[in-house]
Amino acid sequence: MKEIESVKESGGYLNRYSHDSSVNQCEMTFSVFLPPQAENGKVPTLYWLSGLTCNDDNARTKAGAQRYAAEQGIAIVFPDTSPRGEKVDDKPDRYDLGHGAGFYVNATEAPWSTHYQMYDYVVNELPKLVEANLPLLAGIKSVSGHSMGGHGALICGLKNPGAYRSVSAFAPIANPVNCDWGKGCFGLYLGENESDWQAYDATCLVNGGATVADILIDQGGADEFLHQGQLLPDNFKTACDAKGQPCTVRIQPGYDHSYHFISSFLADHFEFHAKHLK
């Protein structure tokens, strides 16, 4: 870990780091907000997974999350959304594939499999790194995210029972095997066998019996991607209800897909996670 930036904020520090990732085989950048409580002891952690076209900088500058994290005594880890660099394969003509669009899967197909191992990075490599080097309580963590990152948060929680105390999401891609974004990327990252895609689909995981302690989802009612059929929260809620998976889905009338929407309800999510983390 090499610290490349440190800014005092909300009584704590917003730091940015780079490191050599063994799973993604490239240099990765991420940010961490350490609340003021971290000066006196280790604190729990919320992982925030960002969406398509984003990196670690979007949420830390747009969401206003650090204020709520300081109030609750929770650290935030902001990973990047994909591996990057000249040697990392990309599709510059597509915003939904390649750099900024790792989809939090472990790619199995060439050329993507060399670097695109974002699931292992977020679930295993990065937590081990930050818990070894920062004042974070080992294994006391929750996960949240937006859009593609909301998909990532849901699958990370559901695929790792007990690893995350709680899961939340804003406008998640909740059933990617049945939307154009998911089909367009999963086929290239994971191969043509659609049954292999289900391992990274939150709705399929719940239907298959996967569980997590508690889930909170906020969805903007005026979200253009909701109406284009990219997000499919109803499919996910139906699966949760059928399997008895605790899940609250709140449709927020008039709100879109942006950080204006996220910042309007983020305090609720920190209260939700704090209840489980503490």
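See above for the structure.
One structure accompanies this document, and this report is about it. This structure is a prediction, so every number in the text was calculated from the model and none was measured.

1. Observations regarding the environment of Ala69
The residue Ala69 is located in helix 2 (residues 65–72) in this model. Separated by 35 residues in sequence, Ala69 and Leu34 place their C-alpha atoms 8.4 Å apart.

2. Observations concerning helix 4 (residues 148–158)
Counting buried positions along helix 4 yields eleven of eleven residues, so the element is predominantly enclosed. Within helix 4, the full set of buried residues consists of Met148, Gly149, Gly150, His151, Gly152, Ala153, Leu154, Ile155, Cys156, Gly157 and Leu158.

3. Concerning the packing of helix 2 against helix 10 (residues 259–277)
Close contact between helix 2 and helix 10 brings their axes to 10 Å; oriented N to C, the two are set at 25 degrees. The orientation of helix 2 relative to helix 10 falls into the category roughly parallel. The handedness of the crossing between helix 2 and helix 10 is right-handed. Between helix 2 and helix 10, the residues in contact are Ala65, Tyr68, Ala69 and Gln72 and Ser263, Leu266, Ala267, Phe270, Glu271 and Ala274, respectively.

4. Topic: helix 10
Along helix 10, the sharpest change in direction is near 50 degrees and occurs at Phe265. Of all the residues in helix 10, the buried ones are Tyr259, Phe261, Ile262, Phe265, Leu266, His269, Phe270, Phe272, His273, Ala274 and Leu277. Its side-chain oxygen placed 3.2 Å from the backbone nitrogen of His260, Ser258 serves as the N-cap of helix 10.

5. Some words on the nonpolar core
Within the largest apolar cluster, 92 residues are counted, with the highest numbers of intra-cluster contacts made by Trp48, Phe103, Tyr189, Phe236, Leu266 and Phe270. Those residues in contact with Phe236 that sit more than four places away from it in its chain are Leu154, Leu158, Ala174, Ala202, Thr203, Val206, Ile215, Ile217 and Cys247.

6. Looking at the pairing of strand 1 (residues 2–9)
Judged from the seven bridges that link them, strand 1 and strand 2 (residues 12–21) form a sheet pairing that is antiparallel. Among the inter-strand pairings, Glu3 is bridged to a residue of strand 2, identified as Tyr17. Between strand 1 and strand 2, which follow one another and run antiparallel, lie two residues, and Ser10 among them has a positive phi close to 50 degrees.

7. What to know about the side chain of Thr203
Structurally, Thr203 can be placed in helix 7 (residues 202–207). Those residues in contact with Thr203, other than ones at most four positions away along the chain, are Ala174, Asn175, Asn235, Phe236 and Ala239.

8. Concerning the pairing of strand 2
Extensive coverage of strand 2 is indicated by the burial of eight of its ten residues. When strand 2 meets strand 3 (residues 26–34), the two strands line up antiparallel, connected through nine bridges. Each residue of the ladder has a partner; that of Asn15, found in strand 3, is Val32.

9. Looking at the pattern of salt bridges
Applying the stated criterion across every chain, the model contains nine salt bridges. In this structure, the salt-bridge partner of Glu5 is Arg60, at a minimum N-O distance of 2.6 Å. In this pair, Glu5 sits in strand 1 while Arg60 sits in helix 1 (residues 56–62), placing the two residues 55 residues apart along the sequence. What makes Glu5 partly exposed here is its relative accessible area of 29%. Arg60 gets classed as buried once you look at its relative accessible area, which sits at 7%. Among the ionic pairs, Arg16 bridges to Asp56, the shortest N-O distance being 2.8 Å. Taken together, the positions of Arg16 in strand 2 and Asp56 in helix 1 put the pair 40 residues apart, joining distant regions of the chain. Like Asp56, Arg16 is buried. Through salt bridges with shared partners, a single ionic network connects Glu5, Asp57 and Arg60.

Analysis parameters
Residues numbered from 1 in each chain as written. Predicted model: local features only at pLDDT ≥ 70, side-chain atom pairs only at ≥ 80, totals over all residues. Heavy atoms only, no water. Helix = DSSP H or I, 4+ residues; strand = E, 2+ residues; numbered from the N terminus. Buried < 20%, exposed > 50% of the residue type's maximum accessible area, 1.4 Å probe, protein only. Axes fitted to C-alpha atoms, helices over the stretch in contact; angles between N-to-C directions. Parallel < 35°, antiparallel > 145°, perpendicular 65-115°, else oblique. Left-handed = near helix turned anticlockwise from the far one by under 90°. Contact = heavy atoms within 4.5 Å. Bend = angle between axes of the 7 residues up to and from the residue. Polar contact = N/O pair within 3.5 Å; in protein donor to acceptor, adjacent residues only side chain to side chain. Core = buried A, V, L, I, M, F, W, Y, C linked by side-chain atoms within 4.5 Å. Pairing = 2+ DSSP bridges. Salt bridge = Lys/Arg side-chain N within 4 Å of Asp/Glu carboxyl O.

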